[in-house]
Amino acid sequence: MVEKTLAIIKPNAVRNGVAGKILAMWEEAEFSIRALKRVQLTQVQAAGFYAEHEGKPFFGGLLEFMTSGPVVLVVLEKENAILDNRTIMGATNPDNAAEGTIRKLYADSFTENAVHGSDSPTSAAREVSYFFNVFELTA
Ligand code: GDP
């Protein structure tokens, strides 16, 4: 099934100047970039996005990191986009990420792990509409 998934190029990757390299990896893997914007998230926006992690020990650090600089928000589309993006991203903890994955190449730590990707159809739907409106998705 053709799916959309929400990806984020996180502040460490933008700071390190590898946003373009990461976009190229998605394009080489045949994802279509359906929408894209660079923004600096507020605390409130980041907390709402990561609401499921509220109360966890890493939550404060995650918010501090995600608001520490601009991010690039991307809507990717292809057959099985959600699972395929999780595969190309690699494991959440970069110590466990497979060779050649985005996180293996560009993560700096567990928190600063370069990219986000929706993990299910339900979260993809929520996350795409959290950041993009219908006009931004129809180009
Ligand atoms: P993801 O879907 O692979 O991004 O992983 P999660 O949704 O479980 O976690 C969201 C983000 O929080 C991750 O990408 C990491 O940046 C961070 N994170 C999750 N678990 C941990 C943890 O145990 N320690 C630290 N330092 N960061 C974590």
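Please refer to the structure higher up on the page.
In short, a report on the structure. Everything numeric here is computed off the predicted structure, so don't read it as measured data.

Brief notes about the packing of aromatic side chains
All chains considered together, the criterion is met by 4 aromatic pairs. Their ring planes at 55° and their centres at 5.9 Å tell us that Phe49 and Tyr130 sit as a pair that is tilted. Taken as a pair, Phe49 in helix α3 (residues 43-49) and Tyr130 in helix α7 (residues 121-131) lie far apart in primary sequence, 81 residues in all. Under the relative-accessibility criterion, Phe49 is labelled buried at 2%. Pairing Tyr130 with Phe131 gives two aromatic rings, centres 4.9 Å apart and planes at 90°, and the pair type is edge-to-face. Linked through ring pairs, Phe49, Tyr50, Tyr130 and Phe131 together constitute an aromatic cluster.

Some details on the nonpolar core
Formed by 21 residues in total, the largest nonpolar core has its most connected members in Ile9, Ile22, Trp26, Val74, Ile102 and Tyr106. Residue assignment for this core shows that the elements contributing at least two residues are β1 (2-9), α1 (11-15), α2 (19-28), β3 (71-79), α5 (81-89) and α6 (102-106). A per-element tally of this core places α2 first, with 5 residues. For Ile9, the residues in contact, after removing those within four places along its chain, are Val14, Ala19, Ile22, Leu23, Trp26, Val71, Val72, Ala114 and Val115. Counting residues in hydrophobic clusters, the runner-up holds 19 residues, among them Leu6, Phe59, Leu62 and Leu63.

Here's the deal with unusual backbone geometry
Phi angles above zero are rare outside glycine, and Glu30 is one such case at about 70°. Residues other than glycine seldom take positive phi values, yet Asn80 does so here, at roughly 50°.

A few points about α7
Among the residues of α7, Ser123, Ala124, Glu127, Val128 and Phe131 are the ones counted as buried. For α7, the buried positions fall inside an angular range of 125° around the axis, keeping them on one side. Turned more than 90 degrees off the buried face of α7, the exposed positions are Pro121, Thr122, Ala125 and Ser129. The elements touched by buried residues of α7 are β1, β2 (32-39), α3, β3, α5 and β4 (115-117).

Criteria and thresholds
- Each chain carries its own residue numbering, running from 1 in the written order of its sequence.
- Totals for whole chains, interfaces and linings use all residues, but because this is a predicted model, local features are given only for residues with pLDDT of at least 70 and pairs of side-chain atoms are given and counted only at 80 or more.
- Side-chain measures here rest on the full set of heavy atoms in the structure, leaving out hydrogens and waters.
- Centres within 6.5 Å make a pair out of two Phe, Tyr or Trp rings, where for Trp the six-membered ring is used; the pair is then stacked when the planes are under 30 degrees apart, edge-to-face when over 60, and tilted otherwise.
- Each helix is a run of H or I in the DSSP string that is no shorter than four residues. Each strand is a run of E no shorter than two, and both are numbered from the N terminus.
- To sort residues, take the accessible area from a 1.4 Å probe on protein chains only and compare it with the maximum for the residue type: under 20% means buried, over 50% means exposed, and anything in between is partly exposed.
- Definition of nonpolar core: a set of buried residues of the types Ala, Val, Leu, Ile, Met, Phe, Trp, Tyr and Cys, connected through side-chain atoms within 4.5 Å.
- What makes two residues a contact is simply this: any of their non-hydrogen atoms within 4.5 Å.
- Taking the helix axis as origin, the arc is that swept by the directions to the C-beta atoms.

Worth remembering: the numbers are spatial, not functional.
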